[in-house]
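For reference, the chains in residue letters:
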Amino acid sequence: TREIFRYTGIADQHVLTVDPAAVQRTLLEIPTIAEAEVILSWPPEMVRIRIVEREPVLLWNQNGVEAWIDIHGRVLTAPPEDRPGLLRVVTRGVEDPISINDRIAQDVVDGARQLQELVPTERRLRYDPFLGLGFRDDRGWEAWFGSGRDMPVKILVYQRMVENLLERGITPSVVNVANPDRPYCSGC
């Protein structure tokens, strides 16, 4: 709470000179704050501030720099604490480290969250700007799914494709179902 109060810049102001809308705008510039309400009243609580913080849904690692990402793809901050429940996404093919001004595409965030639900044992995803989201299958190959909200279809296509390959004695090196209408594999 002291940190929030410090951001407002109203410490030395008289309560009658405080502009609640300006304080609210200042607070909403903080990446971790989703909502802010500033209420002026008489003593003892002359200025009340109510905030709602953004919650991280992903731990994004880009070129060795980690950041929390919220449900809308906003970069919140470097992780101040360990949250073991967060899905980790490690990028490849992206040279710049992530910064507070970056934003992760909504279809990537949505796709990662769907993959987390559909493959709950997979706690670490990869992200490539050309291949999308994927992971290393425990059976030894890379699996790529692109991005978007159609992960249930892609997982179903992936499972059928892998079953078919394994039944025929084929172990792929890469299975890509980013386009479920045109899946392909390498090493098949």
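What counts as what
Residue numbering note: each chain is counted from 1, following its sequence as written. Only residues with pLDDT of 70 or above have their local features reported here, since the model is predicted, and side-chain atom pairs are shown and tallied only from 80 upward, although totals for entire chains, interfaces and linings are computed over all residues. Excluded from the side-chain calculation are hydrogens and water; included are all heavy atoms of the structure. Strands here are runs of E lasting at least two residues and helices are runs of H or I lasting at least four, both read from the DSSP assignment and numbered beginning at the N terminus. Note that the radius of gyration is over C-alpha atoms, with the globule rule given as 2.2 Å times the number of residues to the power 0.38. Think of it in three bands: with a 1.4 Å probe and only protein chains considered, a residue is buried below 20% of the maximum accessible area for its type, exposed above 50%, and partly exposed in between. Only heavy atoms enter the contact rule, under which two residues are in contact if any of them lie within 4.5 Å. Each accessible area is a Shrake-Rupley estimate made with a 1.4 Å probe; only the visible protein chains count as cover when residues are assessed. In summary, the charge assignment counts Lys and Arg as positive and Asp and Glu as negative, without counting His or the chain termini. By convention, charge coordinates are those of NZ in Lys, CZ in Arg, CG in Asp, or CD in Glu. Expected helix span is given by 1.5 Å per residue-to-residue step, counting one fewer step than there are residues. By salt bridge we mean one thing: a side-chain nitrogen of Lys or Arg within 4 Å of a carboxyl oxygen of Asp or Glu. Axis angles are defined between N-to-C directions and span 0 to 180 degrees, where every axis is a line fitted to C-alpha atoms and, for a helix, only to the segment in contact. Note on terminology: angles under 35 degrees are roughly parallel, angles over 145 are roughly antiparallel, angles of 65 to 115 are roughly perpendicular, and the others are oblique. Here is the rule for handedness: rotate from the far helix to the near one, and if that takes an anticlockwise turn smaller than a right angle the crossing is left-handed, while a clockwise turn gives right-handed. Classes in brief: Ala, Val, Leu, Ile, Met, Phe, Trp, Tyr, Cys and Pro nonpolar; Asp, Glu, Lys and Arg charged; the others, Gly included, polar.

(A) Up close: the overall build of the protein. In terms of helices and strands, the protein carries 4 helices and 10 strands. Helices and strands appear in the protein in the N-to-C order α-α-β-β-β-β-β-α-β-β-β-α-β-β. The C-alpha atoms of the protein give 22 Å as radius of gyration, which overshoots the globular expectation for 188 residues (16 Å, by more than 25%). Taken along the three principal axes of its C-alpha coordinates, the protein extends 80 × 30 × 25 Å. When the 188 residues of the protein are sorted by exposure, 37% land in the buried category. Restricting the contact set of the protein to residue pairs at least 6 apart, pairs at least 24 apart contribute 46%. Of the roughly 11200 Å² that the protein leaves accessible, carbon and sulfur atoms contribute 49%. Of the side-chain charges in the protein, 22 are positive and 28 negative, and the distance between the mean point of each set is 3 Å.

(B) View of helix H3 (residues 106–118). Here H3 spans 18 Å end to end across 13 residues, near enough to the 18 Å set by a 1.5 Å rise per residue. Among the residues of H3, Val108, Val109, Asp110, Gly111, Ala112, Leu115 and Gln116 are the ones counted as buried.

(C) Highlighting the pattern of salt bridges. Applying the stated criterion to the full structure yields 12 salt bridges. Ionic pairing is found between Arg92 and Glu142, a salt bridge with its closest N-O pair at 3.7 Å. Placement of the pair is Arg92 in the loop between strand S5 (87–91) and H3 and Glu142 in strand S8 (residues 142–146), with a sequence separation of 50 residues. On the basis of relative accessible area, Arg92 is assigned to the partly exposed category, the value being 33%. Residue Glu142 is classed as buried on the basis of its relative accessible area, which comes to 17%. The salt bridge involving Arg126 is made with Glu142; its shortest N-O contact spans 3.2 Å. Here the residue Arg126 occupies a position in strand S6 (residues 124–128), and Glu142 occupies one in strand S8, the gap between them amounting to 16 residues. A residue is classified by how much of its surface remains accessible, and Arg126, at 27% relative accessible area, is partly exposed. Overlapping salt bridges bring together Arg92, Arg126, Asp128 and Glu142 as one network.

(D) Examining the packing of H3 against helix H4 (residues 151–167) more closely. Between H3 and H4, the shortest axis-to-axis distance is 9 Å and the interhelical angle comes to 50°. Classified by the angle their axes make, H3 and H4 are oblique. Once H3 is placed against H4, the crossing between them reads as right-handed. On the side of H3, the interface is formed by Gly111, Gln114, Leu115 and Leu118, while H4 contributes Met151, Pro152 and Ile155. Classifying every residue of the contact of H3 with H4 gives 5 nonpolar, 2 polar and no charged.

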